[in-house]
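# Structure at a glance
What follows is each chain in one-letter form.
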Amino acid sequence: QVQVVESGGGLVQAGGSLRLSCAASGSIFRLNDLGWYRQAPGKQRELVATISRGGSTNYADSVKGRFTISRDNAKNTVYLQMNSLKPEDTGTYYCNADGIRALYATPFNSWGQGTQVTVSS
């Protein structure tokens with residue numbers, strides 16, 4: 001079983017910053033791609049940013065230049081530094097972890113429960 005837990009959400013004024021963290025735990029042999037997604041009320045879940053095990057990153061156009069994704073492989077943790085936040089960044093932010101389980105070396109893809117980010121204008 002692999003657990004993914006996000007933290008760091010909250011309420012912030014437009015122009016402010018937040019840092020999200022996501023820790024994966026359990027029977028993990030290796031983490032591969034890690035990603036952040038978000039879902040606004042009434043909208044579909046969308047990709048925010050992803051990072052490979054080697055550190056290659058990918059961002060949604062709407063967050064390029066404002067958000068930075070990073071990871072600590074030793075801690076099985078991924079971060080999302082969000083600067084210059086806008087009201088349209090409001091939503092529930094979900095972490096996704098892709099990797100290989102320690103038991104039987106089977107692949108997994110796990111989602112966290114989400115953390116709320118609210119940006120007031």
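Summary of the structure given here. Treat the numbers as computed from the prediction; the structure is a model and nothing was measured.

### Section: the overall build of the protein chain
Looking only at helices and strands, the protein chain has zero helices and eleven strands in total. Tracing the protein chain from N to C terminus, the helices and strands come up as β-β-β-β-β-β-β-β-β-β-β. Computed over C-alpha atoms, the radius of gyration of the protein chain comes to 14 Å, within 12% of the 14 Å expected from 2.2 N^0.38 for 121 residues, which places it in the range of a compact globule. In terms of principal-axis extent, the alpha carbons of the protein chain reach across some 50 × 25 × 20 Å. The 121 residues of the protein chain split such that 43% are buried. In the protein chain, the proportion of contacts linking residues at least 24 apart, taken out of those at least 6 apart, comes to 55%. On the protein chain, roughly 6400 Å² of surface is accessible, and the fraction owed to carbon and sulfur atoms is 47%. With 12 positive and 8 negative side-chain charges, the protein chain shows a spacing of 4 Å between the two charge centroids.

### Overview of the state of the cysteines
The final tally for this structure, using the stated rule, is one disulfide. The disulfide bridge from C22 ends at C95, spanning 2.1 Å between sulfur atoms. Looking down the S-S bond of the C22 and C95 bridge, the torsion is -80°, so its handedness is left-handed. Placement of C22 in strand 3 (residues 18-26) and of C95 in strand 9 (residues 91-101) is noted, with a sequence separation of 73 residues between them.

### Observations regarding the sheet that holds strand 8 (residues 77-82)
The strand order across the open sheet built from four strands is 1-3-8-7, with neighbouring strands paired in antiparallel fashion. Each edge of the open sheet carries a strand with a single partner, namely strand 1 (2-7) and strand 7 (67-72). Going from strand to strand, the sheet's axes swing by 15° on average, the running direction of each strand aside. Relative to strand 8, strand 3 is paired through six bridges, and the arrangement is antiparallel. Bridge pairing in strand 8 places A23 opposite T77.

### Considerations on the packing of aromatic side chains
On inspection of all chains with the given rule, the structure shows one aromatic pair. It is R45 that lies over the ring of W111; its NZ or CZ is 4.7 Å from the centre.

Calculation notes
Residue positions are given per chain, counted from 1 along the sequence in the order it is written. In keeping with the predicted nature of the model, local features appear solely for residues at pLDDT of at least 70, side-chain atom pairs appear and are counted solely at 80 or more, and the whole-chain, interface and lining totals rest on all residues. Only hydrogens and water are set aside when side-chain values are computed; all heavy atoms of the structure are taken into account. Each helix is a run of DSSP H or I of at least 4 residues and each strand a run of E of at least 2, with the numbering of both proceeding from the N terminus. We take the radius of gyration over the C-alpha atoms and set the globule estimate at 2.2 Å times the residue count to the 0.38 power. Working definition: with a 1.4 Å probe on protein chains only, accessible area under 20% of the residue-type maximum means buried, over 50% means exposed, and in between means partly exposed. Any two residues having at least one pair of non-hydrogen atoms within 4.5 Å are treated as being in contact. Residue burial considers only the protein chains on display, and all accessible areas are found by Shrake-Rupley using a 1.4 Å probe. Counted charges follow a simple rule, with Lys and Arg positive, Asp and Glu negative, and His plus the chain ends left uncounted. Every charge is mapped onto a representative atom, which is NZ of Lys, CZ of Arg, CG of Asp or CD of Glu. When the sulfur atoms of two cysteines come within 2.5 Å, that pair is taken as a disulfide. Strand pairing is assigned whenever DSSP identifies at least 2 bridges connecting the two strands. Lines fitted to C-alpha atoms define the axes here, with helix axes fitted over just the stretch in contact, and angles between the N-to-C directions of these axes take values from 0 to 180 degrees. Whether two aromatic rings pair depends on their centres lying within 6.5 Å, for rings of Phe, Tyr and Trp, where Trp uses its six-membered ring; planes under 30 degrees apart make the pair stacked, over 60 edge-to-face, and the rest tilted. Charge-over-ring placement is defined geometrically: NZ (Lys) or CZ (Arg) within 6 Å of the ring centre, and within 35 degrees of the ring normal.

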